[in-house]
Amino acid sequence: MTRNELAARVSAQDKVYRGDKAVRVAAGGDKRTNEQVTVTVESEEFSDNNVVRDGTGHLITKTVTASGISISGDDARNYTLPNNTATANNAKIPPKDLTASVTAQATVYNGDKTSSVTAGGDKLTNDQVTVTVESAEFIDKNVAPDGYDNVTLKTDTVTRLS
């Protein structure tokens, strides 16, 4: 009697962008029903770490490669594993939501509502992302009655975060 070839299969899960290629996969194979064979994957990763969209803006699935595939279990001796790698093309990397922050700079009273602001966001450390504010105003031109330097920006006058 000869061993049956077991074709390992992997299926990947979508992962919100984190700046790396790590991914989770579920592994299986074409074993006979009720046989005790476990397919294990040593490492898995996306082909790259970027969010990819088609021309209409929809997310595109990416290639995931699983390697170091092995089989174990009581019935594993009845199977041979012809390849220790497998690929899946069913997972996407959706973009990470960016929370923008805007801070008004301390300003000496000048009769004007215009404000200088510093903008930022909770981007990943090594990513090149710039948050810009086209315009910002204080609620009014007057010094805050409590004497504090902090002021509130009109949320409807902070425009075009990009």
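Data block above holds the structure.
Residues numbered from 1 in each chain as written. Predicted model: local features only at pLDDT ≥ 70, side-chain atom pairs only at ≥ 80, totals over all residues. Heavy atoms only, no water.

A. Examining the overall build of the protein more closely. Each helix and strand counted, the protein has 0 helices and 11 strands in total. The order of helices and strands in the protein, counted from the N terminus, is β-β-β-β-β-β-β-β-β-β-β. Relative to its 162 residues, the protein shows a buried fraction of 17%. The contacts of the protein with a sequence gap of at least 6 include a subset with a gap of at least 24, amounting to 58%. On the protein, roughly 11000 Å² of surface is accessible, and the fraction owed to carbon and sulfur atoms is 45%. (Helix = DSSP H or I, 4+ residues; strand = E, 2+ residues; numbered from the N terminus. Buried < 20%, exposed > 50% of the residue type's maximum accessible area, 1.4 Å probe, protein only. Contact = heavy atoms within 4.5 Å. Areas by Shrake-Rupley, 256 points an atom, 1.4 Å probe, with all protein chains shown as cover.)

B. The nonpolar core, seen in detail. Grouped together as the largest cluster of nonpolar side chains are 18 residues, with contacts concentrated most on Val10, Phe46, Val64 and Ile69. Other than its neighbours up to four places away in sequence, Val64 contacts Ala12, Val23, Val25, Glu45, Phe46, Ala86, Thr87, Ala88 and Ala91. (Core = buried A, V, L, I, M, F, W, Y, C linked by side-chain atoms within 4.5 Å.)

C. Seen up close, the environment of Asn49. If you trace the backbone, Asn49 turns up in the loop between β5 (43-46) and β6 (62-67). The spacing of Asn49 and Lys62 is 13 residues in sequence and 9.6 Å in space, taken between C-alpha atoms. Apart from residues no more than four positions distant in its own chain, Asn49 is found in contact with Tyr17, Gly19, Asp20, Lys21 and Ile93. Within polar-contact distance, the side chain of Asn49 engages the backbone oxygen of Gly19 at 2.8 Å. (Polar contact = N/O pair within 3.5 Å; in protein donor to acceptor, adjacent residues only side chain to side chain.)

D. A look at unusual backbone geometry. In this structure, Asn34 is a non-glycine residue whose phi angle is positive, near 70°. Locating Asn34 in the fold gives a position in the loop between β3 (25-29) and β4 (38-40).

E. Main features of the sheet that holds strand β9 (residues 85-91). In spatial order, the strands read β5-β6-β9; together these 3 strands make up an open sheet with antiparallel pairing. Each edge of the open sheet is held by one strand with a lone partner, namely β5 and β9. Neighbouring strand axes in the sheet, compared pairwise and without regard to direction, differ in orientation by 20° on average. Looking at chain direction, β6 and β9 are connected through 5 bridges and run antiparallel. Paired with Val64 across the two strands is Ala88, which belongs to β9. (Pairing = 2+ DSSP bridges. Axes fitted to C-alpha atoms, helices over the stretch in contact; angles between N-to-C directions.)

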